[in-house]
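Below, each chain spelled out in residue letters.
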Amino acid sequence: MQIQTDIAVENIIVAENLAKSVMTSEGLLPILLSIDLRIKAGESIAIVGESGSGKSTLISLLAGLDTPSTGMISLNGHKLTAMDEDGRAAIRNELIGFVFQSFQLLPGLTALENVMLPLELTGDKNAKTAATALLKRVGLSHRLSHTPRQLSGGEQQRVALARAFVTRPVILFADEPTGNLDSKTGATIIDLLFELNQENQTTLILVTHDQVLASRCQRTIKLDSGSMV
Amino acid sequence: MSRFNLAVKLLWRDSRSGELTILVLALIIAVTSSTAISLFADRLQRTMTEQTADFLAADLVITSPEIQPSSWSVKAHELKLDEAQTAEFSSVLIENDEMLLASIKAVSRGYPLRGYLKVTGSDYSQEQTMYQGPEPGNAWVEKRVLSALKLKLGDPLTVGEKKLLVSQILTYETDKQGDFYSFSPRVMMNDADLQSTGIIQPGSHVHYFFQYRGEAHALAEFNRWLKLRLNPSQRIMDIHEDRPELGSALSRAERYLGLSSIIVILISGVAIAMATRRYTERHFNATAILRCLGLKQRDILWLYGCQFIVLGVLASGLGCLLGWLVQQALFHLLRGLLPQHVANPGLLAVFFGFIIGMAVLVAFALPPLLRLKQVSPLRVLRRELEPLPTSAWLVYGLAFGIIAVLIERYTHDLNLTATLLGVGLLTLLLLGLLVYGLLRLAGKLLPYMGLTWRFGLQGLLRNTQASVSQILAFSITLVAMVLSFTVRTDLIDNWHKQLPENAPNHFALNIFPEQQVAFQQEMLQNGIRHSQFYPVVKGRLVEINNLPVQKIVSKDSQGERATHRELSLTWAEQLPDENKITAGQWWQDKPIQAGLVSVEQKLADNLKIKLHDQLTFTAGSQQIKATVASIRALDWDTMRPNFYMIFSPGTLDAYPSTYLTSFYLPEAQKNVLNTLVKKYPATTILEVDLILKQFKTILTQLTQAINYLLYFSLLAGFTVLFAAVYATLDYRIQEGAIIRTLGAKRSFLTKIHLIEFGLLGLIAGILTVVISEALIYSLYSKVMHIDYSPNVYLWLLTPVAGSLFVALAGYSGIRHVANKSPVAVLREL
Ligand SMILES: Nc1ncnc2c1ncn2[C@@H]1O[C@H](COP(=O)(O)OP(=O)(O)O)[C@@H](O)[C@H]1O
Ligand SMILES: [Mg+2]
């Protein structure tokens, strides 16, 4: 699999006529209706909207975690909608980082092992050095061998941030990253997120409820019942 | 009632989740195997008791080597008992140049007093039930006799010197005794013709059976009267002793089958406990909400209790049905060993399996289920509030209790039960610790492994307790299977190996003294190699140092068996080959002093006979006393004549004796038997090859039946595997989703799952090999005295097969995890 990392591709994310519906016991349920989206490299975007408006569904499509019912997505020049699952997995590993509301660390692994994992999946020999450096960057150099259970929510989310940035992704998706944290801890995590984003020149797609937080991004997309408004 | 409806409704909803399926499967397996065994045992028991009289052909039977004292007949007449008598002996029949060793039975008027005979005429379809034996001058024969001697109905058949007419084909004989040595086909005649056969002579080997029928109290009175008058060679028959092929082989089989069904129950129980635990944990939240809605602790227990009872009833019912089928198959497998007419099972036996099902459910599912009662309603607000775990005493106590009750039921022996439980528990504990230690050790290697292997191994280490249970479940099952298979094969191989080329394959018994020289001459002429000729006097050991031997022997021991029947007593000047003196001295005084005896070592140990002890024997109605001069060790597996008791020459001179020898006859020379038996009609020739073959069949059938049940424990092992897999399913789905979000391919997940389960199977396989080899080694060297050699195939095949099967089964249980869309990480789990 050859992956283009040409920054010259102006629109790093292109989505055309994107729609998603799911089959439920009551029939076909539309979740997203005809989304068109162009995001430039290095841009930061906030996606806002009420609970259930389809935000998570949208980023799951953009990140290649799920397939749309209709429409086209291209990431960095790769047509995601033309790929099979293993192809999309390779794209995720190379281009994308994730931060989730509920952290999603592997409970059986230590902080260091959690951060090393994405690098190890590509067979990177320097996984340990890189992971240690990033954990130090997020202020957890003294918690390397702790498992998620032994860490606070804020600390867990820092580990998740380190894991997201360790592969130097081109695009970072964050789905309500402060949703499970108190406001003070949340604020420090967001600061850290934006700092890391700056340092790495990453394109940021941030899902949030928080208007203040949204305003820190360059552009805001509002979703209502599956449509952009 | 509405609560019950609610319970059923909830159950129906829950039934779609996997853990209930596992629970039900495990329960069905446990009930099926215990029902099958209980039915099997029950029908056997009934067959034996219901048909006791039929088996004996009378209410009371005395067996004796001599004819009936006339006083018995007088007494029986006084008590208004009906009488009959049979005499059985072996004789060689020759017709149309064919020769056959037949078991002749001469029956009196009135036989059979109980039960019946069945015969067919030339038209084989017409089976007729008869309540009397053949008329004088007639013979009824088994079909085998006709084909072996090229006879047809209506032909004459000569028994000894008497010509009889073959008038019927005998198809069923109520009191047929079939042990390994009496499988020769039956010829039945009237005892009025017995004298004229000329076969019955002093010292010839005849069994008389005196049979009585009458009122219960009269029989009891007669029994008491007889007991005072029996000489040691006469014995009141007992169904358990006198049908050894039923009595010992089958009761042993019943015991082994029972114990293997306990393994099935234990392993299924583990699966049930695991499944219930997961079920319980998944219902904490729902229970908290129900509690918030106002249900009391008692209501919660009732609600879930109802669900489990419904489940238990359904699963146990199905298990009973399946158990019935399995039991039919068991009888089919063992049909060669069983009487033709097997009694119907009692209702209680079917019910037993059902009760076992419910008991297993209570013992293994109740303790984890009780936790639901403890769920606090506050949990709706604070998810982390976990109810206290159930007391370990309750968890293990119940399981231990039910296993103890079951073992007792199958062994009927409290001491043995305690020993089995103690040893079993200790072994389980030690093995558990061993596996646990091994897993922890493997954990230390984690940092040095590649990513795939690390994740695979981590899967095993995540819940060490569950992994240990699974490994033990598989190992125990596999060990049982390996043992029953290996021991059988080795036992049979070993017999073949031990018999050197040209080892004696025939025994000749009942050679009369006046014929001995001629017989030996005959063998020389035909170039047949034979062993020494030993004189034999039939006698029983009755006293040791003037103490009745029955008071000394322990039940079911070699000593008991040896004192229950007549021994072949012999005398010799020289110590026979392959005998070694282990204590005392072989007679050395010249001339040799009479009244000395040399005793075989194992029997001596068993009966606690020491040098210089005074032994008393009876031969017929006379007594022989002898002093123990030496103890001998010998190898019983050689096909030479071996003796428990060898007397010094002169001791037995006063008693009627016959001679015995063994010889080797190659297949091509079998026709020599023809001439031999024609010339010596009273001589019995045993074909050892045939006896071994028969024994091999029995052994194969028994082990087959046992293996059959072990398949159930293998199935139960897989339910433990699946229960464990389901217990970790949520975690696996989450882990899979996260790893795939980070860019891992599905094949990576597949690989780590295969490695995890492959390792599980591998460890179980290796453990199996080690345990089985250790057991086989000690069994062979300590009990069976067979040469032990490690089995290469076992070492290679068991771990490979173990890891292959477990990997495939485990993988198939969670293959959909790898296919779950990674989008799951975005939804709250
Ligand atoms: N697989 C699915 N099946 C049924 N409904 C779904 C599925 N995925 C999402 N939905 C529904 O689609 C809507 C949008 O979901 P989501 O994208 O998670 O919203 P948001 O993240 O904005 O809260 C919700 O109403 C959700 O219940
Ligand atoms: Mg969402």
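Residues numbered from 1 in each chain as written. Chains lettered and ligands numbered in written order. Predicted model: local features only at pLDDT ≥ 70, side-chain atom pairs only at ≥ 80, totals over all residues. Heavy atoms only, no water.

(A) Structural detail: the overall build of chain B. Helix and strand content of chain B: 24 helices and 23 strands. Put simply, chain B has 829 residues, and 52% of those count as buried. Of all intrachain contacts in chain B linking residues separated by at least 6 positions in sequence, the fraction that spans at least 24 positions is 81%. Of the roughly 38600 Å² of accessible surface on chain B, a fraction of 59% belongs to carbon and sulfur atoms. (Helix = DSSP H or I, 4+ residues; strand = E, 2+ residues; numbered from the N terminus. Buried < 20%, exposed > 50% of the residue type's maximum accessible area, 1.4 Å probe, protein only. Contact = heavy atoms within 4.5 Å. Areas by Shrake-Rupley, 256 points an atom, 1.4 Å probe, with all protein chains shown as cover.)

(B) The arrangement of a nonpolar patch on the surface in detail. Residue and element names in this part refer to chain B. Residues Ile289, Leu293, Leu378, Val380 and Leu381 make up a contiguous nonpolar surface patch of about 500 Å² in total accessible area. The topology assignment puts Leu378 in the loop between α12 (347-374) and α13 (392-411). The exposure class of Leu378 is partly exposed, given its relative accessible area of 43%. (Patch = residues over 30% accessible without salt bridge, like charges linked within 9 Å, V, L, I, M, F, W, Y side chains within 5 Å. Salt bridge = Lys/Arg side-chain N within 4 Å of Asp/Glu carboxyl O.)

(C) Summary view of the packing of helix α3 (residues 111-121) of chain A against helix α15 (residues 451-462) of chain B. α15(B) packs onto α3(A) with a crossing angle of 130° between their chain directions and a minimal axis gap of 11 Å. Here α3(A) lies oblique to α15(B), going by the angle between them. Each of Leu117(A), Glu120(A) and Leu121(A) in α3(A) lies in contact with α15(B), whose residues at this interface are Leu451(B), Arg454(B) and Phe455(B). Of the residues that constitute the contact of α3(A) with α15(B), the class distribution is four nonpolar, no polar and two charged. (Axes fitted to C-alpha atoms, helices over the stretch in contact; angles between N-to-C directions. Parallel < 35°, antiparallel > 145°, perpendicular 65-115°, else oblique. Nonpolar A, V, L, I, M, F, W, Y, C, P; charged D, E, K, R; others polar.)

(D) The packing of aromatic side chains, seen in detail. Going through the model one piece at a time under the given rule, you end up with 19 aromatic pairs over all chains. Between Tyr534(B) and Phe643(B) the ring centres are 4.9 Å apart and the planes differ by 55°, which places this aromatic pair in the tilted class. Residue Tyr534(B) is located in strand β14 (residues 534-544), and its partner Phe643(B) is located in the loop between β20 (622-634) and β21 (645-647); the two are separated by 109 residues in the primary sequence. With a relative accessible area of 6%, Tyr534(B) lands in the buried category. Judged by its relative accessible area of 3%, Phe643(B) is buried. By the ring-pair criterion, three or more aromatic residues cluster together here, those being Phe98(A), Phe100(A) and Phe173(A). Directly above the aromatic system of Phe331(B) lies the positively charged group of Arg43(B), at a separation of 4.5 Å from the ring centroid. (Phe/Tyr/Trp six-rings, centres within 6.5 Å; stacked < 30°, edge-to-face > 60°. Lys NZ or Arg CZ within 6 Å of the ring centre and 35° of its normal.)

(E) Geometry of the sheet that holds strand β1 (residues 11-24) of chain A. All names here are of chain A. As summarised here, the arrangement of the four strands in space is β2-β1-β4-β5, forming an open sheet in which the pairing is antiparallel. In the strand order of this sheet, the two ends are held by β2 (27-40) and β5 (78-79), each with one partner. Where β1 meets strand β4 (residues 70-75), five bridges bridge the pair, whose relative direction is antiparallel. Each bridged residue has a counterpart across the sheet, and for Ala19 the counterpart in β4 is Thr70. Strands β1, β2 and β4 of the sheet are contacted by helix α1 (residues 55-62), whose axis makes an angle of about 120° with β1. (Pairing = 2+ DSSP bridges.)

(F) Local environment of unusual backbone geometry. For the bond from Tyr111(B) to Pro112(B), the omega torsion is -10°, close enough to zero to count as cis. Position of Pro112(B) among the secondary structure elements: in the loop between β3 (98-107) and β4 (117-120). Its identity as a non-glycine residue notwithstanding, Phe103(A) has a phi of 65°, on the positive side. Among the structural elements, Phe103(A) can be located in the loop between β6 (96-100) and α3. Given the relative accessible area of 10%, Phe103(A) is considered buried. Here Lys608(B), not a glycine, exhibits a phi torsion of approximately 55°, which is positive. Turning to its location among the elements, Lys608(B) is positioned in the loop between α19 (601-607) and β19 (614-619).

(G) The sheet that holds strand β8 (residues 203-207) of chain A, seen in detail. All names here are of chain A. The sheet built from six strands is open, its strands ordered β6-β7-β8-β3-β9-β10 with mixed pairing. Two strands bound the open sheet, and with one partner strand each, they are β6 and β10 (227-228). Alignment of strand β3 (residues 44-49) against β8, held across four bridges, turns out to be parallel. In the strand pairing of β8, Ser44 is matched with Leu204. The strands touched by helix α2 (residues 85-95) are β6 and β7 (171-175); relative to β6, the strand with the most contacts, the crossing angle is about 80°.

(H) Geometry of the confidence of the model for chain B. All names here are of chain B. Looking at chain B as a whole, its pLDDT mean stands at 82, while 88% of the residues score no less than 70. Predicted confidence for residues 178-182 stays below pLDDT 50, and this span has eight contacts to residues more than four positions away or in other chains. Two numbers describe this predicted complex: its pTM, 0.68, and its ipTM, 0.82. (pLDDT = per-residue confidence, 0-100.)

(I) Region of the structure containing the pattern of salt bridges. For the coordinates displayed, the defined rule picks out 27 salt bridges over all chains. Here Asp66(A) ties to Lys20(A) by a salt bridge, and the two come within 3.6 Å at their closest N and O atoms. Here Asp66(A), found in the loop between α1 and β4, pairs with Lys20(A), found in strand β1; they are 46 residues apart in sequence, far enough to count as distant. Of the charged contacts in the structure, one is a salt bridge between Arg216(A) and Asp191(A), with a shortest N-O distance of 3.0 Å. Of this pair, Arg216(A) sits in the loop between α7 (211-215) and β9 (219-224) while Asp191(A) is found in helix α6 (residues 183-200), placing the two residues 25 residues apart along the sequence. One salt-bridge network, in which partners are shared between bridges, spans Glu85(A), Arg88(A), Arg92(A) and Arg740(B).

(J) Layout of the site of ligand 1. Taken together, Val22(A), Leu29(A), Ile31(A), Glu50(A), Ser51(A), Gly52(A), Ser53(A), Gly54(A), Lys55(A), Ser56(A), Thr57(A) and Arg827(B) are the residues near ligand 1. Residues near ligand 1 are shared among chains A and B, making this a multi-chain site. Within the backbone of Gly52(A), a nitrogen or oxygen atom sits 2.7 Å from an oxygen atom of ligand 1. Between ligand 1 and Thr57(A), the relevant distance is 2.4 Å, taken from an oxygen atom to a side-chain nitrogen or oxygen of the residue. (Near = heavy atom within 4 Å. Polar contact = N/O pair within 3.5 Å; in protein donor to acceptor, adjacent residues only side chain to side chain.)

(K) Main features of the pairing of strand β1 (residues 60-64) of chain B. Residues and elements named next belong to chain B. Where burial is concerned, most of β1 is hidden: five out of the five residues are buried. Taking every second residue as pointing to the same face, both faces of β1 are buried, with Leu60, Ile62 and Ser64 on one and Val61 and Thr63 on the other. Relative to strand β10 (residues 207-213), β1 runs antiparallel, the two being bridged by five bridges. Bridging from a neighbouring strand, Val61 pairs with Gln211 of β10. For β1 and strand β11 (residues 235-236), the ladder comprises two bridges, and the chain directions are antiparallel. Of the residues in β11, the one forming a bridge with Thr63 is Arg235.

(L) Spatial organisation of the pairing of strand β22 (residues 658-664) of chain B. Residue and element names in this part refer to chain B. Of all the seven residues making up β22, six are buried; the element is thus mostly covered by neighbouring parts of the structure. Direction of pairing for strand β12 (residues 506-511) relative to β22: antiparallel, over a ladder of four bridges. Residue Ile511 lies in a different strand from β22, and its bridge partner there is Tyr659. The pairing of strand β13 (residues 529-530) with β22 spans two bridges and is classified as antiparallel. Following the sheet pairing, Arg529 is matched in β22 by Tyr664. Two elements, β14 and β22, share three bridges in a ladder whose sense is antiparallel. Bridge assignment links Val536 to a residue of β22, and that residue is Thr658.

(M) Up close: the side chain of Thr35(B). Residue and element names in this part refer to chain B. Looking at the secondary structure, you find Thr35 in helix α2 (residues 18-50). Its relative accessible area of 0% is what places Thr35 among the buried residues. Among the polar contacts made by the side chain of Thr35, one reaches the main-chain carbonyl oxygen of Val31 at a distance of 2.6 Å. Setting aside residues up to four positions removed in sequence, Thr35 forms contacts with Gly319, Cys320, Gly323, Trp324, Val350 and Gly353.

(N) Expanded view of empty space enclosed by the protein. By the definition in use, this model includes five cavities of 30 Å³ or more. A volume near 100 Å³ is recorded for the largest cavity. Gly459(B), Ser467(B), Gln470(B), Arg732(B) and Glu756(B) are, among the 15 residues lining the largest cavity, the residues nearest its centre. Among the secondary structure elements, those contributing two or more residues to the lining of the largest cavity are α15, α16 (464-498), α21 (688-727) and α23 (746-784) of chain B. Considered as a void within the structure, the second largest cavity measures approximately 70 Å³ in volume. Around the second largest cavity, the lining residues are Arg92(A), Asn93(A), Ile96(A), Gly97(A), Phe98(A), Pro118(A), Arg163(A), Ala164(A), Thr167(A) and Leu742(B). Secondary structure elements with two or more residues in the lining of the second largest cavity: α2, β6 and α5 (153-165) of chain A. Broken down by element, the lining of the second largest cavity gets its largest block of residues, three residues, from β6(A). Residues of the lining of the second largest cavity, tallied by class, amount to five nonpolar, three polar and two charged. (1 Å grid on protein atoms, 1.4 Å probe; cavity = no way out; pocket = protein on both sides within 12 Å on 5 of 7 lines; lining within 4 Å. Points joined across faces, edges and corners; volume = space filled by probe spheres on them.)

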